[in-house]
Structures are given as C-alpha cells and as structure tokens.
Amino acid sequence: MYSRAYKWIVSAPPILWVGIFLLLPYALMFAHSFWVVRDGMIAHEWNLQNYAKLFQNPVYLEVLFRTMRIAAAVTLLSLLLGYPLAYYMSFHANMRKDLLYQLVIVPLWVSYLVRGYAWKTILGSEGVLNGFLQYIHVTKEPVSFFLYSPFAVVLMLTHIYTPFVFLPLYASLEHIPRNLVEASQDLGAGSRATFFRVILPLSLPGLLAGATFAFVLTLGDFLAPLLVGGPSSIMIANIVQSLFGTAYDWPLGAAISVCILLLTISLLFLTERLEKRWSFR
Amino acid sequence: MTLPGSSQPQAAAIAGSGDALLAVRNVAKSFGAREVLRHISLEISSGEFLTLLGESGSGKTTLLRLIAGFEQPSTGEIWMSGERLDILPPYKRRVNTVFQNYALFPHLTVQENVGYGLQVSGVAKAEIPGRVTNALDMVKMREFAASRPAKLSGGQQQRVALARALVNRPKLLLLDEPLSALDANLRKQMQSELKSLQRELGITFLFVTHDQDEAMALSDRIALLKDGALEQIASPREIYAHPATSYTAEFIGQTNLLRAEIRNGVAACGSLRWSASQPAGAVLFSLRPEALHLAPDGPFPSDAIRFRAVVRQQIFSGSSEHLELELAGQVLRARIPARGALAGEQEFWFSPADAVAVQE
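The structure displayed is predicted, hence computed values, not measured ones.

1. Let's talk about the overall build of chain B
- Within chain B, the regular secondary structure consists of nine helices and 20 strands.
- Taking the principal axes of the C-alpha coordinates as reference, chain B spans close to 75 × 50 × 35 Å.
- The burial tally for chain B puts 38% of its 360 residues in the buried class.
- Of the contacts formed within chain B by residues at least 6 apart in sequence, a portion of 64% connects residues at least 24 apart.

Structure (structure tokens):
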C-alpha cells in the first residue's frame, strides 16, 4: 500500500494543473458571460443580457449553424476519405502497411499554418489549380471561388483532420479478429455482406471517435476561415476571437464560448455513451 | 497418386468414384519458401468422422483451411460430390467450420449468430426462427438465445459455434481443434456429445486435433500428418494395431521400437529371437507395452517368446502397472494388469504376431 503522503505528492501536480489551467479559466469565462461592458469597462453586474443578445441577433445563430454545417461536411468528407483508406490498409495492404501508415502520419508533423498556406498557393487565382485548369483549357480565366469560400475551408479542414479520423478507425479495424471475417464467409456471406454485417458494426466505436474528433476540432477552428475562408465563411470561433480582441466585449465572447462548450460537452457525452454501447469487447 | 495435367472429365470420374464426399487430390501448399503441405491425397466418405491428427506445424489446420476456402492450394485439386471445390470462394462452399476460438460475432446475440448463415444465404424469413431454435435445442442452448457471446462460458460458446455451423445443414463440417480450449471434464463431455450429434445428423465431420486420445475416441478414421505429409490413414484400431511407421507407432499410443536383424526367417534384437516373415536385413519392429505379459501361472502359449528381465521401475495406475524392464542393456516398457509389487528378475513373454514391422 502507498502512504498518504506519497498519494498526495503524486496526485498534486495534475490536480494543480487542471485547477489552474482548466477549471479556473472556465470559471472566469463562466463568470464573465454574466457580466456586461459599460463605458469600455467590464462591469461586474450579474445578468443574462449576453445570452439574450445571442438569441436576438440572428447573426450569431446563423454563424453557429454555418459552423456546424461546415463541421458536418468536414466530418463526412474525412470519413469518406478515411474509412476506405483505413479499410484498405487494415485488410488488404499486407506488406505495405507500415509504409502507408507512415505516409498518413507524416503530414501531422507539418505545421497547421504551413498546410494552410499550401492551400492558398494551390487554390489562389494565380495558384496551381487555376494554372492547371487554364493549361488544359478547361477554364479561360482564373476561377475565383476556389479560395476565400466555405469550399476552401472545408477542403483545408478535411485535409487536416482526415488523419485524426483515420487513426481511431484504423485501430478499431485492426482490432477485429480476422477469424470473424472468415466465419462470415464460411457461413455464406460474400464480401459485401461481411462488410455491412460484421466489419462496419464492429468498427463503429472507431468511426464514432474519428467523427467526433473531426466535428469538435472543426467546431473550434478559427485559422482556416482566416487563411482561406473570406467573409462568407466566418465561423463561430472567429466571432469569439474578435469579441475578445478588437471589439472588446469579453462578456459576450464568454457567453458564446459557454454555448460552444456546452454543445461540445453534450456531444462528447453522447458519443461516449454510444461508443460504450457499440463496443463488445 | 498423381494426376499430371488431367483433363476435367477424367478427374471428375475419379472424384465421383465410390461414395467419396470429399476428395483431396495431390494437394500441396507453400507459404513463400516454406512447404506446409506436400502432395496430400485423401478421400472422405459421406457420413464419416475423419480426424486430421498431428503435432503443431504438421499442416493439419492448413489442410482444413484449404477445404474451407480460406487458403488456395499451391497445386492439386479438391473435389466435393463430383464438383471442383478449390476454385469456389468460401461463401459458395457447402462446408461450415467450427473455429478453434469459436469466432462468434460479439455484436450479435446467440440467436442472431446462429441465424447469420441462414440470413445471408437468403433462406426464407419465416423459416429462420424455427431452424435457429432447433439448432439451439440440439446443443441445449435455447435458454441463452438472447444473450451475447461475451456472457457465455467457453463451453457454451463452443455449443453456439456448433449450432451456428450445423444450422446451415452443411455436407461437411470442419472442426478446428474445437475442444482444445475446454478443461478436461468438459472436454470429455463435449466429445461424447459431438459423437452422438454426428451419428444423429449423419453429417460428415472433418476434425482437426493434436490430441491422439481425442482422435481415437471420436474418429471412424484417423489421418496422421507429419511435416505436411500424410503418414498413415486408417481406422483407430487399424492404426493402433498396425502402425505403418515408427512415427505413427510412437505418436499413437506408446510402444517399444525394436531394431532387429533378420536372418533365415528369425528376427534378432539383443537377446530376443522370434520368427519373422520379412526378408533378410535390418527391420524395425513396434511392440506395444500391453503385448508384453508376465509369465503365467500355468503353461505358456505355444508361440510365446520368453525372456527374463529386471523390473527397474513400477508405476501403479489403478487398473494396471506400468513397468520399465531391462534385459541385457535393452529397456522395454510393459503394461500389465495390476498385480502387486514386483522386484528383481521376472519372466515375461510376448507373441511374435504382436511385433509389427514398421518403416523408420
């Protein structure tokens, strides 16, 4: 058995860390969301004015819904890209497994900003894509909507978050005992039936974990809209950023953050429950 | 037997000969440079219980997987009821497998597991519940129909795996060491249940095991594999009484291997001499421990080969005594009915008919 002192010494750092860097900031944010700005100063008067503003001014809800639409699109596209890749690697890649795995991982070592700027040079009007399209005479003039559009944001975030979707998916596919696949074939199921009746259901926990990553990370992203988004693809985190920055309306920013936080927490809670229900090991 | 470049009709005629349900013809399998099966040919009759017996690495599981369709033979053919089997994908073969670790689908209930094969092969929906219930009754697992596999014990999972395979009414059931994960008592019980199920249903069983007692207890015939080659295929009694090779003799039961020199119809091994019909030269004989008898109170049988030996060790095992005998530097193992402690030099005998010539 460990002594009381030992337990205290071991558990103190994480508790302090979580307290100072997580709980305290959240508490401050929570408190701010009930205060107001008066004459350029934050007045500590408790009220629900900020939350009321959120629902009165249609801009906030509109941006929030747009953010969720973008997050859903990114999630869906990442799954569409990540699942076949993970499936192929887990079931058919054989010798090339390790190499392919590294190829998926390597982009994660490259800075987010670098990858963002890479998309700028690809999608811009003088960019690689437009140059190519003009070269093969598909278009005569540069297409302008490639860059600075929700399309660009979705594209860039899909590129960045696909590995996050891939990793848990691949792990869950790797954990499916191969004799279950054999058993399915043995019982008369072709590869289609085997996929939909055995492999897909057993990979649901990984699929859910990956989808949650992509959705939640996109929900809080503000760099992609800044780099490649333009005004039509402002996301909720951009609004929070400007409220805490130039607009100097911390209380309203805090209120929005609390909403996003609640949204995220309930999402995580839900997916956790589902993951538990769908895992059978 | 070889069928070099045999045309299909010829091969079909051969495959269709007799009442063989399954014919394995000259099948070999290599994984890279490693040769796992070397030119195996064997036939399984309808309704037979055939056991593939061998040590780990003997190729028995590979042969099973070739028949199930999980692997392709490198050369050779497999036929079932006059049809080429090895060119079909596993899901088109009327063969079902009971896997070593059961391989039950963890996300499905017991009844969904058992109904899986019926569902995917398009059996009429109305027919499925009845057949599933029947199959579960057969293995006495009806009360667990709604449970998930994780809630079941090993023995129960074993039964479900059996029901899941049998419900499809396969022509041939493949069993890959299905009892190896069970404890000894359960194993004995499952053995007798398996045997009676097989008799009742009349389904052909191909059973893989490394346990020679299990093979002896269950099988109509045993195919003994060694290093990917077929060592001998015969009924348990035949293979025990007439092992073809020294490996078979030692793998199935215990034996004494006697290296004898034959001259003028007499085999000589150390101080022992007995009449033998083999041509002159060196011959290896297998003499089972129970073929050695203690000298009788009355007269010896007429053909008895008598010898005196020192009892070096005696182990009592209830109904019998296991003896280690020494005569002129030679050690023999004997098993005689329990008869109290023996000491010093005793007289023993055996019948020359029990000394079976075996290949090295």
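Read on, since the account is not over.
2. Some points on the pairing of strand β17 (residues 320–327) of chain B
All names here are of chain B.
- With six bridges joining them, strand β16 (residues 305–316) and β17 adopt antiparallel strand pairing. From the neighbouring strand, Phe-316 faces β17, where its bridge partner is Glu-321.
- Taking the residues between adjacent antiparallel strands as the criterion, β16 and β17 are bridged by three residues, where Gly-318 takes a positive phi near 80°.
- The pairing of β17 with strand β18 (residues 330–337) spans eight bridges and is classified as antiparallel. Its bridge partner lying in β18, Ser-320 is registered against Pro-337.
- Turn length for the β17-β18 hairpin, with the two strands adjacent in sequence and antiparallel, is two residues, and the turn residue Ala-328 shows positive phi of about 45°.

3. Overview of the interface of chain B and chain A
- Taken residue by residue, the interface counts 19 residues in chain B and 17 residues in chain A.
- Per-element tally for the side of chain B that touches chain A: the top contributor is helix α3 (residues 110–120) of chain B, with three residues.
- For the side of chain B that touches chain A, a count of residues per class yields 11 nonpolar, seven polar and one charged.

4. Observations concerning the nonpolar core
- Of all hydrophobic cores here, the largest spans 75 residues; its most connected members are Leu-22, Ile-67, Ala-163, Leu-174, Leu-206 and Ala-223 of chain B.
- Among the nonpolar cores identified, the runner-up in size contains 49 residues, and Ala-71, Leu-167, Ile-234 and Trp-250 of chain A belong to it.

5. A short note on the packing of helix α11 (residues 236–244) of chain A against helix α12 (residues 250–278) of chain A
All names here are of chain A.
- It is at 8 Å that the axes of α11 and α12 come closest, and there the two elements cross at 150°. The angle between the axes of α11 and α12 places the two elements in the roughly antiparallel class. Considering only the axes of α11 and α12, their crossing is left-handed. Judged by residue contacts, Ile-236, Ile-239, Val-240, Leu-243 and Phe-244 of α11 engage Trp-250, Leu-252, Gly-253, Ile-256, Ser-257 and Ile-260 from α12.
- Residue composition of the contact of α11 with α12, grouped by class: nine nonpolar, two polar and no charged.

6. Describing the environment of Phe-31 of chain B
- Mapped onto the secondary structure, Phe-31 of chain B falls in strand β1 (residues 20–31).
- According to the C-beta neighbour criterion, Phe-31 of chain B is exposed, with 10 such atoms within 10 Å.

7. Things to note about the sheet that holds β17 of chain B
- The five strands are arranged β15-β19-β16-β17-β18 (chain B) in an open sheet whose pairing can be described as antiparallel. Each edge of the sheet is formed by a strand with only one pairing partner; in this case those strands are β15 (293–294) and β18 of chain B.

8. Some points on the environment of Leu-81 of chain A
All names here are of chain A.
- Considering the arrangement of structural elements, one finds Leu-81 in helix α3 (residues 58–91).
- On a C-alpha basis, the gap between Leu-81 and His-159 in space is 9.5 Å, while along the polypeptide they are 78 residues apart.
- Beyond its immediate stretch of four places on either side in the chain, Leu-81 contacts Thr-158 and Thr-162.

9. As for the sheet that holds strand β7 (residues 172–176) of chain B
Residues and elements named next belong to chain B.
- A sheet is described by the order of its strands in space; here six strands give the open sequence β6-β7-β8-β3-β9-β10, paired in mixed fashion. Every other strand in the sheet has two partners, leaving β6 (95–98) and β10 (229–234) as the edge strands with one partner each. With direction set aside, neighbouring strand axes in the sheet form an average angle of 20°.
- Relative to strand β8 (residues 204–209), β7 runs parallel, the two sharing five bridges. Bridging from a neighbouring strand, Leu-175 pairs with Phe-207 of β8.

10. Quick notes on the confidence of the model for chain B
- Mean pLDDT over chain B: 89, with 95% of residues reaching 70 or higher.
- Predicted complex metrics record ipTM = 0.83 and pTM = 0.83.

11. Some words on the packing of helix α7 (residues 150–174) of chain A against helix α9 (residues 191–219) of chain A
Residue and element names in this part refer to chain A.
- It is the contact of α7 with α9, at a shortest axis distance of 7 Å, that shows an interaxial angle of 160°. By the angle class used here, α7 and α9 are roughly antiparallel. Here the hand of the crossing between α7 and α9 comes out right-handed. The residues of α9 that touch α7, namely those facing Leu-157, Tyr-161, Phe-164, Val-165, Phe-166, Pro-168, Leu-169, Ala-171, Ser-172 and Leu-173, are Ser-203, Pro-205, Gly-206, Leu-207, Ala-209, Gly-210, Ala-211, Phe-213, Ala-214, Leu-217 and Thr-218.
- Of the residues contributing to the contact of α7 with α9, the split by class is 16 nonpolar, five polar and no charged.

12. Considerations on unusual backbone geometry
Residue and element names in this part refer to chain B.
- Even without being glycine, Lys-140 reaches a positive phi, approximately 55°.
- With respect to the element layout, Lys-140 can be found in the loop between α4 (128–138) and α5 (154–166).
- Phi is positive for Glu-177, which is not a glycine, with a value near 40°.

Rules used in this analysis
Residues numbered from 1 in each chain as written. Chains lettered and ligands numbered in written order. Predicted model: local features only at pLDDT ≥ 70, side-chain atom pairs only at ≥ 80, totals over all residues. Helix = DSSP H or I, 4+ residues; strand = E, 2+ residues; numbered from the N terminus. Buried ≥ 20, exposed ≤ 12 C-beta atoms within 10 Å, placed from the backbone. Contact = placed C-beta atoms within 7 Å. Pairing = 2+ DSSP bridges. Nonpolar A, V, L, I, M, F, W, Y, C, P; charged D, E, K, R; others polar. Core = buried A, V, L, I, M, F, W, Y, C linked by C-beta atoms within 7 Å. Axes fitted to C-alpha atoms, helices over the stretch in contact; angles between N-to-C directions. Parallel < 35°, antiparallel > 145°, perpendicular 65-115°, else oblique. Left-handed = near helix turned anticlockwise from the far one by under 90°. pLDDT = per-residue confidence, 0-100.

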